[in-house]
Amino acid sequence: MSATFGGRSGRQGKLSQWLRGRRPKEAADDGGREALLLAAAAAGLPLAPAAHPAPGYRCSCDRVGCPTPARHPVSFAWQTQSTTDRAQIERWSRHQPQANFITATGMVHDVLDVPLAAGREALERLLASGVEVGPVAESDDGRMLFFTLTRGTPEDEDEWWPCELDCHPETMDEHPGLRWHCRGSYVLVPPARLPGDDQQVRWARGPEHALPDPLSLLEALTDACARFAAAGAGHQGAAWPLRH
């Protein structure tokens, strides 16, 4: 499925200008939040409501000590609930004005999730090389998300892995720091708020960009992750510094 807006180049150009011209906080206010969510859905990204930050670095869910505050769906049925239906997303957005939203991967799109510094380096190289890069999101918790076409369900089950792991142990050297969100996974879709002062997930490249084949980005991302891992190896207590 192409990540375009029904072929309406005028609307696409207007959205691109709007995304570039507004600051992240503005984009989440005055109707901008709903417009961005609808733009993501129009690009084919299935959405479902998620938790949001609560005072004291807590999560809006009722789980004591939530391990992923403001980063998880509100329903256990998020995979079947996820939709691109405009009317449904409008209802969710208006009835749950503080909610974040997730997008379910492995249906239409996958997400290659890398450390922020590695992602920025890879993005610069990919664009300089003329590679078609799709939507890209930046998260203030130190990650960069590259949205791609999904690989679907590979015949070889060893060809995919869940987002809970950076990689399989036997492929650690090949994929340091890379998380491939595919079947059964999800990520926050911009605009989203994270616990902490002004912590957000925002678009670096908006959803008007067509989704690329993930394999066209994989080599650049894994190379950047390897360089990032080598540079971070000397940092005491953490091989993966998440903040830039």
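Residues numbered from 1 in each chain as written. Predicted model: local features only at pLDDT ≥ 70, side-chain atom pairs only at ≥ 80, totals over all residues. Heavy atoms only, no water.

**A look at the overall build of the protein chain**
Our working rule: Each helix corresponds to a stretch of at least 4 residues labelled H or I by DSSP, and each strand to a stretch of at least 2 residues labelled E; elements are numbered beginning at the N terminus. Buried, partly exposed and exposed residues are distinguished by accessible area as a fraction of the type maximum, computed with a 1.4 Å probe on protein chains only: under 20%, between the cut-offs, and over 50%, respectively. Contacts are residue-level and defined by heavy atoms, with any inter-residue pair within 4.5 Å sufficient. Shrake-Rupley sampling with a 1.4 Å probe provides the accessible areas, and residues are treated as covered by the protein chains on show and by no other component.
In terms of regular secondary structure, the protein chain is built from 7 helices and 11 strands. Counting the 244 residues in the protein chain, one finds 47% classified as buried. By sequence separation, contacts in the protein chain at least 24 residues apart represent 75% of the contacts at least 6 residues apart. By element, 50% of the accessible surface of the protein chain is carried by carbon and sulfur atoms, the whole surface being about 12,300 Å².

**A closer look at the packing of helix α3 (residues 32–42) against helix α5 (residues 86–95)**
Test applied: For helices, the axis comes from a line fit to the C-alpha atoms of the stretch in contact; other axes are also lines fit to C-alpha atoms, and the angle between any two N-to-C directions lies between 0 and 180 degrees. Oblique is the label for every angle not falling under 35 degrees (roughly parallel), over 145 degrees (roughly antiparallel), or within 65 to 115 degrees (roughly perpendicular). By convention the crossing between two helices is left-handed if the near helix lies anticlockwise of the far one by an angle smaller than a right angle, and right-handed if it lies clockwise. For this classification, the nonpolar set comprises Ala, Val, Leu, Ile, Met, Phe, Trp, Tyr, Cys and Pro, the charged set comprises Asp, Glu, Lys and Arg, and every other residue, Gly included, is treated as polar.
Here α3 crosses α5 at 150°, and the two axes come no closer than 10 Å. The pairing of α3 with α5 is recorded here as roughly antiparallel in orientation. At the point where α3 passes α5, the crossing takes the right-handed sense. Along the contact surface, α3 presents R33, E34, L37, L38 and A41, while α5 presents R86, I89, E90, S93 and R94. Partitioning the contact of α3 with α5 into residue classes produces 4 nonpolar, 1 polar and 5 charged.

**What about the sheet that holds strand β9 (residues 186–189)?**
Short version of the rule: Being paired, for any two strands, means DSSP has found at least two bridges between them.
Here we have 3 strands laid out as an open sheet, ordered β1-β4-β9, and antiparallel in their pairing. Each edge of the sheet is formed by a strand with only one pairing partner; in this case those strands are β1 (47–50) and β9. Neighbour to neighbour, the strand axes of the sheet diverge by 40° on average, direction disregarded. Sheet topology places strand β4 (residues 100–104) next to β9; 4 bridges connect them, and they run antiparallel. In the strand pairing of β9, T103 is matched with V187. Each of β1 and β4 touches α5; the most contacted strand, β1, lies at about 10° to it.

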